[in-house]
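The lines below spell out each chain.
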Amino acid sequence: MNTNKLKIFNDPIYGFITIPNSLIYDLIQHPYFQRLRRISQMGLSYLVYPGAHHTRFHHALGAMHMMQKAVEVLRFKEVVISKEEENALYIAILLHDIGHGPFSHAMEHSIVEEVNHESISLLFMNQLNEEFGGQLQLAIQVFKGEYHRKFMLQLISSQLDMDRMDYLKRDSFYSGVAEGNINSDRLIQMMNVVDDVLVMEEKGIYSIEKFLMARRLMYWQAYLHKTSLVAELTLTKTLQRAKELLNKGIAIECSRPLKYFMEHKITLENISTTDLNTFSQLDDYDIISALKEWKYHDDFILSSLSKMIINRDLSKVKLNNEKFPTEVLEEMTIRFAKEHNITQQEAKYFIFKGKIKNQAYSKNAEPIRILKKDRSIEDVVEASDQLNLKALSKPVTKYFICFPKLLEEI
C-alpha cells in the first residue's frame, strides 16, 4: 500500500474524512469521479438559496464517511463484515451518483432522455471495473442488489440509507434550511443487522421520526421549492428547444460533448463506450456557457428561455391542491402566442402545468424495520406512537402552473 494515498479531506460538516485505502484514492482521482466537482448537488436551487453551491463530489465523500461509521458500529455489534465486503460498501456508496448529468436531473428529461442516472452510474462502474482489473466486482453486485446479504444494499439504497443520511444534513447545511438537519450519528448508532436485514433499535425511533419529518420539510422548502422547480423546468425546456432547432438544421453554438448528445439519440440498449466517455466530459459548465451563448440566438424562444435562467428572471408559478382548469392554460397560450408572433405549440415552452408529489415514507417500498426489546421486528409506522408517521406515509400531491410574469395573474 502506498501510504501517500491515505489522504484526508476537511469537510465543513463532519470534520476530517479519511480515505480508507489506495483503491478508493485511485477511484476518487479518476476523471469520472473528479467530474463530480463540476456537478451541483442541488441543481439550480442556488437561485433560491445562495449558499447551495455544493457539489456531488462533496456528497459522495460524505456518504462514504457515513458508511465508514456504519461499518464501525455494526462490527461493534458483532455483525461480521469481511474486508472485501467493507470495501465493496465504500466503493458502491462512493460511486452511487457518478452517473448524474449537469444540474442533476435536468438532463434526464431533455438530452439523454431514455437513460436515468442510476443506469449511467452502473455503466461507469462497469467501465471502472475493467480499468481496475475486476476490483469493483463485489461492489457492482451489491449495487445491483445481487449480493445475498440484503443489509448491504439497504445501506446504499433504502428509505434510511447513507445517501439520504448525508444529503439531508449537507443540503440543510449549505442551503440554510435548518429544518432538514438530522442527527446522523444517533441514527447510525441505532443500526443493527438481524438475519442479514438492516434494522433500527427501538430506542432510536424518535430520531427516525425526526429524520422522516426533516425529509418531508426539505422537499417542500428546498427540493420542490416553486422557484427551484420552475428554474429546472425552464432549463429542461431550453435544452429541448436547442435540440429541436439543431434537428431542423439551425446552427447552435455549444461545447462538443453537449452537441454530441443533442445530435445523437441515446438509449440504454445502444449506449457505447464513446457515448459514456463523452458523457463523462459533460458538466454544469457546458450548460452555463451554452445558455450565455444562446441568449443572443436569433430564435426568440431559445434566447428568451436562456435569459430567464442566466438573469434569474423566471416565470411565475402558482401552486394549488386542485388541478388547474385547462381553459386557463389555453387562454394564456393563445394570448402569449399572438403577442410574440409564435405558434401556440411554441408558446407551450413558456406556459405549462404539472404536478409534484411529496412522500416522506412509502409503505410500498422496503420498510424501515424496528427491532423491539422482545426481539420482534415491526414497520416503523406501526411501532411509532406518533400519528404523524402515518400522515408522512401518505403522498401529498400539488398541482402547478407556470406562465410569464407579463401575463395577468390567474
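Residues numbered from 1 in each chain as written. Predicted model: local features only at pLDDT ≥ 70, side-chain atom pairs only at ≥ 80, totals over all residues. Heavy atoms only, no water.

S.K.: Looking at this structure, how should I read helix H5 (residues 117-131)?
M.R.: Note that an α-helix has 3.6 residues per turn; residues three or four places apart therefore point the same way. Between its first and last C-alpha, H5 extends 21 Å over 15 residues, near the 21 Å set by a 1.5 Å rise per residue. Residues of H5 that are buried: His 117, Ile 120, Ser 121, Phe 124, Met 125, Gln 127, Leu 128 and Asn 129. On its buried face, H5 sits against helix H1 (22-29), helix H2 (31-34), helix H4 (83-94), helix H6 (137-143) and helix H13 (273-279). Of the residues trailing H5, Gly 133 is marked for its positive phi of about 60°. (Helix = DSSP H or I, 4+ residues; strand = E, 2+ residues; numbered from the N terminus. Expected span 1.5 Å × (residues − 1). Buried < 20%, exposed > 50% of the residue type's maximum accessible area, 1.4 Å probe, protein only. Contact = heavy atoms within 4.5 Å.)

S.K.: How should I be thinking about the sheet that holds strand S8 (residues 377-379) in this particular structure?
M.R.: Hydrogen bonding along the main chain pairs the strands of a sheet, whether they run parallel or antiparallel. Ordered by their spatial adjacency, four strands build an open sheet running S3-S4-S7-S8, and the pairing between neighbours is mixed. For this open sheet the edge positions go to strand S3 (191-194) and S8, each flanked by a neighbour on one side alone. Strand-to-strand twist across the sheet, computed as the mean angle between neighbouring axes with direction ignored, equals 45°. Of the strand pairs in this sheet, strand S4 (residues 197-201) and strand S7 (residues 369-371) are connected by two bridges, and their pairing is parallel. Residue pairing in the sheet places Glu 201 in a bridge with Leu 371 of S7. (Pairing = 2+ DSSP bridges. Axes fitted to C-alpha atoms, helices over the stretch in contact; angles between N-to-C directions.)

S.K.: Looking at this structure, I do not really get the packing of helix H14 (residues 284-294) against helix H15 (residues 300-310). What am I missing?
M.R.: Two packed helices can be described by the angle between their axes and the distance between those axes. Orientation of H14 relative to H15, taken along the N-to-C sense of each, is 125°, at an axis distance of 8 Å. Classified by the angle their axes make, H14 and H15 are oblique. H15 is crossed by H14, and the crossing has left-handed handedness. Along its contact with H14, which presents Ile 288, Leu 291, Lys 292 and Trp 294, the element H15 presents Leu 302, Ser 303, Ser 306, Ile 309 and Ile 310. For the contact of H14 with H15, the class distribution of residues is six nonpolar, two polar and one charged. (Parallel < 35°, antiparallel > 145°, perpendicular 65-115°, else oblique. Left-handed = near helix turned anticlockwise from the far one by under 90°. Nonpolar A, V, L, I, M, F, W, Y, C, P; charged D, E, K, R; others polar.)

S.K.: It is not clear to me how the side chain of Ser 172 should be interpreted in this structure. Could you clarify?
M.R.: Tracing the sequence through the fold places Ser 172 in helix H8 (residues 162-175). For Ser 172, a relative accessible area of 5% corresponds to the buried category. Within the structure, Ser 172 has its side chain in polar contact with the backbone oxygen of Val 177 (distance 2.8 Å). When near neighbours in sequence (up to four residues on either side) are disregarded, Ser 172 contacts Tyr 167, Val 177, Ala 178, Gly 180, Asn 181 and Met 218. (Polar contact = N/O pair within 3.5 Å; in protein donor to acceptor, adjacent residues only side chain to side chain.)

S.K.: I tried to follow the pattern of salt bridges on my own but got confused; where do I start?
M.R.: Note on pairing: side chains with opposite charge can pair once their charged atoms come close. Applying the stated criterion across every chain yields a total of 23 salt bridges. Asp 166 is the partner of Arg 170 in a salt bridge, and the nearest nitrogen-oxygen pair spans 3.0 Å. Residue Arg 170 and its partner Asp 166 are both found in helix H8; the two are separated by four residues, about one turn of the helix. A relative accessible area of 0% means that Arg 170 is categorised as buried. Accessibility expressed as a relative area gives 0% for Asp 166, which makes it buried. For Asp 299, the salt bridge identified is with Arg 241, shortest N-O distance 2.8 Å. One end of the pair, Asp 299, is in the loop between H14 and H15; the other, Arg 241, is in helix H11 (residues 226-247), with 58 residues separating them in the sequence. With respect to class, Asp 299 is no different from Arg 241; both count as buried. (Salt bridge = Lys/Arg side-chain N within 4 Å of Asp/Glu carboxyl O.)

S.K.: Which parts of the structure should I look at to understand a positive patch on the surface?
M.R.: The grouping of Lys 323, Lys 353, Lys 355 and Lys 357 at the surface amounts to a positive patch. Inspection of the secondary structure puts Lys 357 in strand S6 (residues 352-358). On the basis of relative accessible area, Lys 357 is assigned to the exposed category, the value being 54%. (Patch = residues over 30% accessible without salt bridge, like charges linked within 9 Å, V, L, I, M, F, W, Y side chains within 5 Å. Areas by Shrake-Rupley, 256 points an atom, 1.4 Å probe, with all protein chains shown as cover. Lys, Arg positive; Asp, Glu negative; His and termini not counted. Charge placed at Lys NZ, Arg CZ, Asp CG, Glu CD.)

S.K.: How should I be thinking about the environment of Leu 89 in this particular structure?
M.R.: Inspection of the secondary structure assignment puts Leu 89 in helix H4. By relative accessible area, Leu 89 is classed as buried at 0%. Sequence separation of Leu 89 and Arg 369 is 280 residues, and the distance between their C-alpha atoms is 21 Å. Dropping the residues within four chain positions of it, Leu 89 is found in contact with Met 67, Val 71, Met 152, Leu 155 and Ile 156.

S.K.: What's the story with H15 in this structure? I'm lost.
M.R.: With eight of its eleven residues buried, H15 lies for the most part within the structure. All buried positions along H15 are accounted for by Ile 301, Leu 302, Ser 303, Ser 304, Leu 305, Ser 306, Met 308 and Ile 309. Packed against the buried residues of H15 are H11, H14 and helix H17 (344-347). One or two steps after H15, the chain reaches Arg 312, where phi turns positive at roughly 50°.

Treat this as a map of the structure, not an account of what it does.
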